[in-house]
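Residues per chain, in single letters:
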Amino acid sequence: MRISTRGRYGVRLMIELATHCGKGPVLLKDIATYQNISEKYLWQLIKPLKSVGLINSIRGSKGGYVLAKPPAAITMKEIIGALEGSLCLVDCVDHPEACERSESCASRDLWGEASQIFAKKLESLTLADMLDRQKQKGRPSGNPTI
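Residues numbered from 1 in each chain as written. Predicted model: local features only at pLDDT ≥ 70, side-chain atom pairs only at ≥ 80, totals over all residues. Heavy atoms only, no water.

Participant: Just give me the short version of the overall build of the protein chain, but keep the residues and values in it.
Facilitator: Along the protein chain, the regular secondary structure elements total seven helices and two strands. Helices (α) and strands (β) of the protein chain occur, in sequence order from the N terminus, as α-α-α-β-β-α-α-α-α. Considering only C-alpha atoms, the protein chain reaches an extent of 60 × 30 × 25 Å along its principal axes. Burial analysis of the protein chain (146 residues in total) assigns 36% to the buried set. (Helix = DSSP H or I, 4+ residues; strand = E, 2+ residues; numbered from the N terminus. Buried < 20%, exposed > 50% of the residue type's maximum accessible area, 1.4 Å probe, protein only.)

Here's what the structure looks like:
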């Protein structure tokens, strides 16, 4: 499985929101600036993240986006799942009917096991863990801090 730009940028968006957790809403244009991601692209990530209850929008002059739950209550699996869909490496793991050989295919077992390991790793990491990692690395050069 290859995580798309959608998944990678979504994680960065969520880390940015976690950075500001408890400090009020953050404007999407500010996230775009801090993360060097197009605001137009970020708009595409908002809907799926809102639909699964990971972020909330706040209207008004002091509005913006906030996390819907504490960073420690959001897993990387939730974020990637919302943005990428299935975490299976190959279609036949989720949909055995997609391949006539799925019942007798040893390689399907391998892809299923690898998919489970990947999903467990993403489940074990929370947004709080990722925020800690980001703090250890510091903010990328050239980006403002709040």
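Participant: Which residues make up the packing of aromatic side chains, and what values go with them?
Facilitator: This structure, assessed with the given rule, holds two aromatic pairs. Consider the rings of Tyr 9 and Tyr 41, whose centres lie 5.5 Å apart with planes at 80°: the pair is edge-to-face. A residue pair is termed long-range when its members are at least 10 positions apart, and Tyr 9 in helix H1 (residues 5–19) and Tyr 41 in helix H3 (residues 39–51) qualify at 32 residues. Looking at Tyr 9, the relative accessible area reads 22%, which means it is partly exposed. Since its relative accessible area comes to 25%, Tyr 41 is described here as partly exposed. With centroids separated by 6.2 Å and ring planes inclined at 80°, the aromatic side chains of Trp 43 and Tyr 65 adopt a geometry described as edge-to-face. Of this pair, Trp 43 sits in helix H3 while Tyr 65 is found in strand E2 (residues 64–67), placing the two residues 22 residues apart along the sequence. The class of Trp 43 is partly exposed, set by a relative accessible area of 47%. Owing to a relative accessible area of 10%, Tyr 65 belongs among the buried residues under this scheme. (Phe/Tyr/Trp six-rings, centres within 6.5 Å; stacked < 30°, edge-to-face > 60°.)

Participant: Tell me about the packing of H1 against helix H2 (residues 28–35), and name the residues and values.
Facilitator: When two helices pack together, their arrangement is given by the angle between the helix axes and by the axis-to-axis distance. Running from N to C, H1 and H2 point in directions that differ by 110°, and their axes come no closer than 10 Å. Judged by the angle between their axes, H1 and H2 are roughly perpendicular. Between H1 and H2 lies a crossing whose hand is right-handed. Contact residues: Arg 12, Leu 13, Glu 16 and Leu 17 in H1; Leu 28, Ile 31, Tyr 34 and Gln 35 in H2. (Axes fitted to C-alpha atoms, helices over the stretch in contact; angles between N-to-C directions. Parallel < 35°, antiparallel > 145°, perpendicular 65-115°, else oblique. Left-handed = near helix turned anticlockwise from the far one by under 90°. Contact = heavy atoms within 4.5 Å.)

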